Amino acid sequence: MRFTKIFVLLGAAAPIVKAGVEINITVPRAPQQNDYPPNGPQLTASPPGDKSYEYIVVGSGAGGSPLAARLALAGHSVLLVDAGGDHGTIREVEVPALYIGASERNELSWGYYTRHYTDEAQTKRDRKLTYLTPDGELYSGIKPPEGSQMLGNYYTRIGGLGGCTEHLALLPILPANSDWNYIKELTGDRNWDSQNMRGYFRKLENNQYLSPSDDTTGAHGFNGWLSTTVEPLLLFTRDIKMVSIFLSAASSVGNRTNAILNAVRGTANGVISSIADNVLSDSAAAITDGLRKVLLYDINNNSPDRDSTDVLSRIPLSVSSPQGRRSSPRDLVYEIATAKNADGSKKYPLDIALHTLVTKIVFNTTTDGRPKATGIDYLYGEALYRADPRSSPTDGDKGMPGSVSATREVIVAGGAFNTPQILKLSGIGPAAELTKFGIPVVKDLPGVGGNLQDRYEVGVSAAASRNFTLFDPCTFLSTDDDACYSAWANNNGTERPPLAKGSYATNGIAIGLFARSSVAGPEHDIWAGGVPGLFQGYFPGMSRTVITPGEKNYFTWLVLKAHSRNNAGHVNLTSADPRDTPRITFRSFGEGDPGRAEDARKDLKAAVEGMRWGIRVFDDAAAAAEKQGAGERLERVWPPEEVTSDEDLEQWVRDEAWGHHASCTCPIGADDDPMAVLDGQLRVRGVEGLRVVDASAFPKIPGTFPVLAIYMLAEKAAEDILADVK
C-alpha cells in the first residue's frame, strides 16, 4: 500500500494538547503496589554453588533461557545467572492483559533513562520526558517542578527470570526472510538462510490456533515450548464502536474479500441503527464470523510474498490455551531446573542462580596467547543494580562477592544494554573507553556498544463518547473484587476457552496492519496495531494512564516503523562500578550527521504515512457513526487535531517517537569489518570460550517485533555449540 496515494494533506496549525490527555504525572521511585500472592511456585533466590559448570549463561531472557534449556536437555551442566528474582507466577506477569502493569512492578522493573538526542533543546520537546524532583520523586511531562533534574526517556526492562519476556506484549511475529538472508551473506554461513531459520521456529512453536492440516504453507510447529494463539474476536465484536473501527481499517487496506466485508458492514449497520446501547449481542456472532473471514490471513505463513503483502490480519499471541496465561521461556527453564527422576534426584544438569549480578568475565591466557573466558565474578544480593527502583542510587548494599568457573564457555545474554556493559567491564571493548575507567584491556573491540538501533513508535489516539466494552468491568487489580481477574482465574464461564477466560486472556491487540510505505524496500516497514487505551509511550506511572477503571473510552493505533535505518546510537560506561547503569544515547534520526539526513527523511516519511493511515481510519469510523445516527462520537486527541500538515506530523514524530526493541550493540559482522564484534557462530572475536546470544548480536534490527527472532537465534546458537562439542 502506498499511503501517499491515499491521503490529502490538511492545513497546518499549532498543536495544543488537551488537558485530559496531557502527560503530567509524578510518582515515587518505588511506588506502593498490591501484594497478592503468586499463583504458583517460584524459584527461591540463591547464589551459585561451590562447583564448576561446562557452560555459564549470563542473563535469562529471550536468548539466555532457551539456550540454557537446550544445553541442559543435551546433558551438559549449565549455570543460568540473573540479577533479579523469579516472579513468573504473579498476576501481572501471568495475565496477558496486565502486561503494562508488569513493566512497573518494583521487584521486576529495571528503569533506564536514555536520551533520544544529545541536543538538550530537542530532548526537552518530548512530552513524556522524566525528571527527578527535589523531593526525590519522578515527574514526567513538560512542566517539571523548579529545581528538578532531567533524567531522560524512561526505558523499562525486566530484571528477573525470563527477562523482558515477562512483560512484553506477547507478539510472536516472525522477522522478514531478508533479515536472516542478510546475515547469511554477511558471514558466508548458509545456516542463516531464512528457510533453515524457519526450522527453528517450527521447533520452538506449539501452535494452538491451527491444526497441522490447516497449516497449508508448512509454516508452523505444534510440539514446541512456546504456545501461540490468536485473539478471540468475539470479545471485541460485541462493541459497536470497536466494530466500526475494525470495518474502517479493513476497508482502507483494499481487502480482497470486499463481498464479505460489505456483508459484515450491512449486518453491523442494521444493528447500529436500531439499538441505543453499547453492546452488539445477537448479531455479534455473525459479525465475528464475517470479520474472521476478512482477517483470515496468517501473518506467520511461509508463502513467498508474506513479507511484502499489505494486509490487515489478526495477531498471534504467546498465550497458552485453555489456560489463557503468558507463555515464555521462564516456564521452560523452571520446568527443566525443577524436574525430578523417579527417585527424586535432579533430572537435568541446570542450576539457576538469582539475585546474582555478574561484575565481569574472568579470562585466562591460552598457550597461543589468546584470552579464554573461564568463568565469572559476581555480587550476590537483591536489588543491587541501580536500574532497580529499590536500589540505592549512591551506595547501599554492596552485595556478597563470589566467582564460579566454566570449563567450556561463558555465554552473555544480557540484552542490548547490559551485554556491552558486561563485556566492557571485563576488558572487551574500545580500548580508549576502557582505559578512561581504569579497566585493563583484554581485547580491543571498537564495535562493542555501538550500532545501537531501535524502532520508531508513535501512537494515534482517539476518544469515544462512551467506554469500550472490552474491559468494562475490569479494575486492573486496583480492587480486590476485580471481576475480570475473577473470570480469568476461576474460568467458570459457559463459553469455550479462551472466551471463558474473558478480557484478561487477551493483550487487547486484536488486529494489525502490515504494510509498505512509499519509501519502503521490498518488505513491510509499517505496522499499526489497534489498542483499546491511551498509549502515548513509556514513562514512570504509565500503567495508571493507558487505561483506568474509570476511563476506558480511548483507542490507539500504535504505529511502528520497522527496519529503521538509524544505527548511530551508543551504550557507554558511566563508571567501572557494575551496579551503575550505562549511558544510552540513540541519536534518533541520525542526529548530528549530515550523511544520515536522507535515511532520516525516509524514516520520518514512513512514520507519518503510518500515522495518516490511523487518522484516516478514525475519520472514516466517525463519519460512518454520524451517518448511521448512532449517537457515537470519535475524536482524535493524540496528536491533537491541530497537528495536520506533513511538517507538523514530522515534528511530532521527532519529538514523541519512542522505542522498546533496543538491539545490535554487539553485532555479527564480516571478517574484514573492524566494527564486527561477533562471527557467524556468535563467538566474540579475538577471544576464546565467549559468545553473545541476545538482541545485541543482530547487525540490523529484525522485523517488527524481535522476540521471536531472538528465540530462533538462541535455538541456532544451541545447535552451533553442541556441534562444537562433537
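Because the structure is predicted, anything quoted here is derived from the model rather than measured.

The rules we used
Residues numbered from 1 in each chain as written. Predicted model: local features only at pLDDT ≥ 70, side-chain atom pairs only at ≥ 80, totals over all residues. Heavy atoms only, no water. Salt bridge = Lys/Arg side-chain N within 4 Å of Asp/Glu carboxyl O. Helix = DSSP H or I, 4+ residues; strand = E, 2+ residues; numbered from the N terminus. Buried < 20%, exposed > 50% of the residue type's maximum accessible area, 1.4 Å probe, protein only. Disulfide = S-S within 2.5 Å.

Applying the stated criterion across every chain yields a total of 41 salt bridges. Taking the shortest distance from any N to any O, the salt bridge between Glu94 and Arg325 comes out at 2.6 Å. Taken together, the residues span a long stretch of sequence, with Glu94 in helix H2 (residues 91-94) and Arg325 in the loop between strand S11 (316-317) and helix H11 (329-338) at a distance of 231 residues. Residue classification places Glu94 among the buried residues on the basis of a relative accessible area of 7%. Judged by its relative accessible area of 18%, Arg325 falls in the buried class. One salt-bridge network, in which partners are shared between bridges, spans Asp86, Glu94, Arg325, Arg330 and Asp331.

Counting across every chain of the model gives one disulfide. A sulfur-sulfur separation of 2.0 Å characterises the disulfide bridge that pairs Cys474 with Cys484. On the sign convention where negative is left-handed, the bridge of Cys474 and Cys484, at about -80 degrees about the S-S bond, is left-handed. Note that Cys474 is positioned in the loop between strand S18 (456-464) and helix H14 (483-490) and Cys484 in helix H14, a separation of 10 residues in sequence. For the pair shown, Cys474 and Cys484 are each scored as buried.

Residue Ser321 is joined to Pro322 through a cis peptide bond whose omega torsion reads 10 degrees. Tracing the backbone shows Pro322 in the loop between S11 and H11. Trp638 connects to Pro639 through a cis peptide bond whose omega is -10 degrees. One can find Pro639 in the loop between strand S24 (634-638) and helix H16 (646-656). The phi angle at Arg587 is positive, at roughly 50 degrees, despite the residue not being glycine.

So yeah, pure geometry; function would need other evidence.
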